[in-house]
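Structure assessment
Here's the letter readout for the chains.
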Amino acid sequence: MSLRRTPRRPHLPRRTHTLLARLAPRTLRGRLSLVALTTAALLMVILTVVFNTVARHRLQREADDELRTRAAAVATTVDTRHGRVRVLETSGDRLLDTNAWIYTGGSLLERPPSGAGALTRAANALAARGGRGCTTVHGPDTVRLCAEPVPGAAARATVVTALDLGPYRSSAETLLLGSFALDAVMLACTYALTRLAVGRALRPVRTMTDQATQWSAVGSEERFAGRGRPAELAELGDSLDALLDRIRAVLRHERRLTGELSHELRTPLSRIVAELDWWRSRPRSDAETRAAHEVVAEAAQSMRTICDTLLDEARAGVPTAPGTADVPAVLHRLSDSMPTPDAVRVVVGDVPGPLTAGVPPALVERIVSPLLANAVRYARTTVTLAACRTADGIRVEVTDDGPGVPEAFTDRLFQPGKRADPADGHGGAGLGLPLARRLARSAGGEVSHDPGHGPGARFAVTLPAG
């Protein structure tokens, strides 16, 4: 019993796949431009082949017509009366010097002075076949010969004329080179115009993407429906509207969760306050005091469990005014409370005068704290906090002297759950930076990374002025 081995399908080597993947355009505009360029190139090749084939046939027909015209002119010098063929002495004798042979029957009657060798043999063969016919002789020069019977001759007479095809071949080559040049120009124009047209066509998509990103960050009620866009973009707008609705539902769920968390924290706090009021209302025994302490400790542990489970970090502050924050005071408080390794220190730079942000201090802490924790995590020796006033409001900078952000990771820096190197030994889930940006945007500010800073990393927070 023999087993048949299934033949393997041929496949490209892995290196070839990798090379093709690298050469393939990464953008939709590049891919569409490449498809248009490939299609235009195939069409140009077909048209060029057809055009040059037709042109060559046309030039050869013109050469044959020229040969027959010469043969007719030579035939006027041939006298075929009285049943014999003779050549008349006329002013047209110079035509015999331009590659013309005259035959009577199968015999050569006249030939040009230079007519010898391959051309004469080809002319003899044409005359021997009789009737009209043409042939091409290839040699140092390409020559076309055509045979034409003398009309009205009682005795059979034939005129064979020759023509150098060099000028015609030169014209054909010129047309071919011109076709190649025209093809190159047309392909370049096709590629450029396609990229331009596709770029303009995709510009509304880019605009819609930026708007969707901005609206999703703050839970805006703005939508794309009913804006008079083409059908394809209208479908995309409907999809983005559905996505924005889901994001807004998630944000509503987050706010509801925050309210529930506040309620859960108030409950054990109320137990602590009530227990302390009851304990201070009159003297208590040692047993009652210990019982009150146990209730207070249990409620405090419950609050700690809630905070550790549902909050990233509990922050508190005393605002200087409703809805405003003393930025230098917040930075100093963060630098004092942030746990740091022994080799790293947090420094607050000189602040030029009082700076007041138009957001609560707790929100400033929640925005800056993830950036500070990230800087402390990667810094080698020093983390610097700085603040200044700009034309747009207040700018807070968090700078470290660590390895910085890898260039390949900058596009995903603010994506939730993304880390440049999850195996670098540092803690974190990749949620701090996205949270800081979302909170800053909700307050009318922004969090950005400075790619030009080095060595190390620098993050900037912009907030409205108070």
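Just above, that's the structure.
Reference entry: report on the structure contained in this document.

About the criteria used
- Residues numbered from 1 in each chain as written.
- Predicted model: local features only at pLDDT ≥ 70, side-chain atom pairs only at ≥ 80, totals over all residues.
- Heavy atoms only, no water.
- Helix = DSSP H or I, 4+ residues; strand = E, 2+ residues; numbered from the N terminus.
- Buried < 20%, exposed > 50% of the residue type's maximum accessible area, 1.4 Å probe, protein only.
- Contact = heavy atoms within 4.5 Å.
- Disulfide = S-S within 2.5 Å.
- Axes fitted to C-alpha atoms, helices over the stretch in contact; angles between N-to-C directions.
- Parallel < 35°, antiparallel > 145°, perpendicular 65-115°, else oblique.
- Left-handed = near helix turned anticlockwise from the far one by under 90°.
- Pairing = 2+ DSSP bridges.
- Lys, Arg positive; Asp, Glu negative; His and termini not counted.
- Salt bridge = Lys/Arg side-chain N within 4 Å of Asp/Glu carboxyl O.
- Expected span 1.5 Å × (residues − 1).
- Bend = angle between axes of the 7 residues up to and from the residue.
- Patch = residues over 30% accessible without salt bridge, like charges linked within 9 Å, V, L, I, M, F, W, Y side chains within 5 Å.
- Areas by Shrake-Rupley, 256 points an atom, 1.4 Å probe, with all protein chains shown as cover.
- Charge placed at Lys NZ, Arg CZ, Asp CG, Glu CD.
- Nonpolar A, V, L, I, M, F, W, Y, C, P; charged D, E, K, R; others polar.
- Phe/Tyr/Trp six-rings, centres within 6.5 Å; stacked < 30°, edge-to-face > 60°.
- Lys NZ or Arg CZ within 6 Å of the ring centre and 35° of its normal.

1. A short note on the overall build of the protein chain
Looking only at helices and strands, the protein chain features 9 helices and 14 strands. Buried residues in the protein chain amount to 32% of all 466 residues. For the protein chain, contacts bridging at least 24 residues in sequence account for 60% of all contacts bridging at least 6.

2. Thoughts on the state of the cysteines
The full count for this structure, using the stated rule, is 1 disulfide. Note that Cys134 is cross-linked by a disulfide to Cys146, the S-S spacing being 2.0 Å. Between Cys134 and Cys146, the S-S dihedral sits near 110°, and the bridge is therefore right-handed. In this pair, Cys134 sits in strand 5 (residues 133–137) while Cys146 sits in strand 6 (residues 143–149), placing the two residues 12 residues apart along the sequence. Taking relative accessible area as the criterion, Cys134 reaches 23% and is therefore assigned partly exposed.

3. Digging into the packing of helix 7 (residues 327–337) against helix 8 (residues 361–378)
Between two packed helices, what matters for the description is the angle formed by their axes and the separation of those axes. Packing of helix 7 against helix 8 leaves a shortest axis separation of 10 Å and a crossing angle of 45°. One element, helix 7, and the other, helix 8, form an angle in the oblique class. Crossing angle aside, the handedness with which helix 7 passes helix 8 is right-handed. Note on element contacts: helix 8 touches helix 7 through Pro361, Val364, Glu365, Val368, Ser369 and Leu372, opposite Val330, Leu331, Arg333 and Leu334.

4. Some details on the pairing of strand 14 (residues 457–463)
When a strand is regular, its side chains alternate between the sheet's two faces. With respect to burial, strand 14 is a largely interior element, 5 of its 7 residues being buried. Summarising the sheet, strand 12 (residues 393–400) and strand 14 pair through 7 bridges and their orientation is antiparallel. Considered in strand 14, the bridge of Val396 is made with Val461. Note: strand 13 (residues 446–449) against strand 14, 4 bridges, orientation antiparallel. Considered in strand 14, the bridge of His449 is made with Phe459.

5. Side note on the pairing of strand 4 (residues 107–110)
Looking at chain direction, strand 3 (residues 100–104) and strand 4 are connected through 3 bridges and run antiparallel. Bridging across to strand 4, Ile102 finds its partner in Glu110. Hairpin geometry of strand 3 and strand 4 is characterised by an intervening segment of 2 residues between the two adjacent antiparallel strands and by a positive phi of about 65° at Gly105.

6. Looking at the environment of Tyr378
With respect to the helices, strands and loops of the structure, Tyr378 is situated in helix 8. Tyr378 gets classed as partly exposed once you look at its relative accessible area, which sits at 24%. In this structure, the C-alpha to C-alpha distance between Tyr378 and Val344, residues 34 residues apart in sequence, is 9.6 Å.

7. Re the side chain of Asp183
Counting through the fold element by element, Asp183 comes out in helix 4 (residues 166–218). One buried charge, Asp183, has no salt-bridge partner; the nearest side chain with opposite charge is Arg56, at 13 Å. Ignoring anything within four residues of it in the chain, the contact list for Asp183 reads Met44 and Thr48.

8. Describing the sheet that holds strand 6
Taking strand neighbours across the sheet as the criterion, the 5 strands line up as 4-3-7-6-5 in an open arrangement whose pairing is antiparallel. The sheet is open, and its two edges are formed by strand 4 and strand 5, each paired on a single side. Strand-to-strand twist of the sheet, defined as the mean angle between neighbouring strand axes without regard to direction, takes the value 25°. Against the sheet, helix 2 (residues 28–75) touches strand 3, strand 5, strand 6 and strand 7 (157–164), its axis set at about 135° to strand 7.

9. Let's talk about helix 8
Its 18 residues place the ends of helix 8 26 Å apart at the C-alpha level, agreeing with the 26 Å of an ideal helix rising 1.5 Å per residue. Maximum bend of helix 8: about 30°, positioned at Val368, with proline Pro370 one to four residues after it. Taking burial as the measure, the 18 residues of helix 8 include 13 buried ones, the bulk of the element.

10. Quick notes on a positive patch on the surface
Together, Arg29, Arg200, Arg203 and Arg206 line one region of the surface with positive charge. Mapped onto the secondary structure, Arg206 falls in helix 4.

11. A few points about the packing of helix 8 against helix 9 (residues 432–442)
In the contact formed by helix 8 and helix 9, the axes pass within 8 Å of each other and the chain directions differ by 150°. Regarding the angle of helix 8 to helix 9, the classification is roughly antiparallel. Helix 8 and helix 9 meet at a crossing whose hand is left-handed. From helix 8, Leu363, Arg366, Ile367, Pro370 and Leu371 reach across to helix 9, where they touch Gly432, Leu433, Ala436, Leu439 and Ala440. Its residues assigned to classes, the contact of helix 8 with helix 9 comprises 8 nonpolar, 1 polar and 1 charged.

12. Here we look at the sheet that holds strand 11 (residues 382–390)
Taking strand neighbours across the sheet as the criterion, the 5 strands line up as 9-11-12-14-13 in an open arrangement whose pairing is mixed. Strands at the two margins of the open sheet, each flanked by one partner only, are strand 9 (345–348) and strand 13. Averaged over all adjacent pairs, the angle separating strand axes in this sheet is 20°, with direction ignored. Each of strand 9, strand 11 and strand 12 is contacted by helix 7, which is oriented at about 170° to strand 11, the strand it contacts most.

13. What to know about the packing of aromatic side chains
Overall, the coordinates contain 1 aromatic pair when judged by the stated rule. When the centroid spacing of 6.4 Å and the interplanar angle of 85° are considered together, the rings of Phe414 and Phe459 count as edge-to-face. Remark: Phe459 occurs in strand 14 and Phe414 occurs in the loop between strand 12 and helix 9; sequence separation between them is 45 residues. With relative accessibility at 16%, the residue Phe414 sits in the buried group. Using a relative accessible area of 3% as the deciding quantity, one classes Phe459 as buried. Between the NZ or CZ atom of Arg437 and the centre of the ring of Phe414, over which it lies, the distance is 3.7 Å.

14. As for helix 9
Taken together, the buried positions of helix 9 are Leu433, Pro434, Ala436, Arg437, Leu439 and Ala440. Buried residues along helix 9 sit against helix 8, strand 13 and strand 14. Looking one or two residues past helix 9, Gly444 carries a phi angle of roughly 85°, positive in sign.

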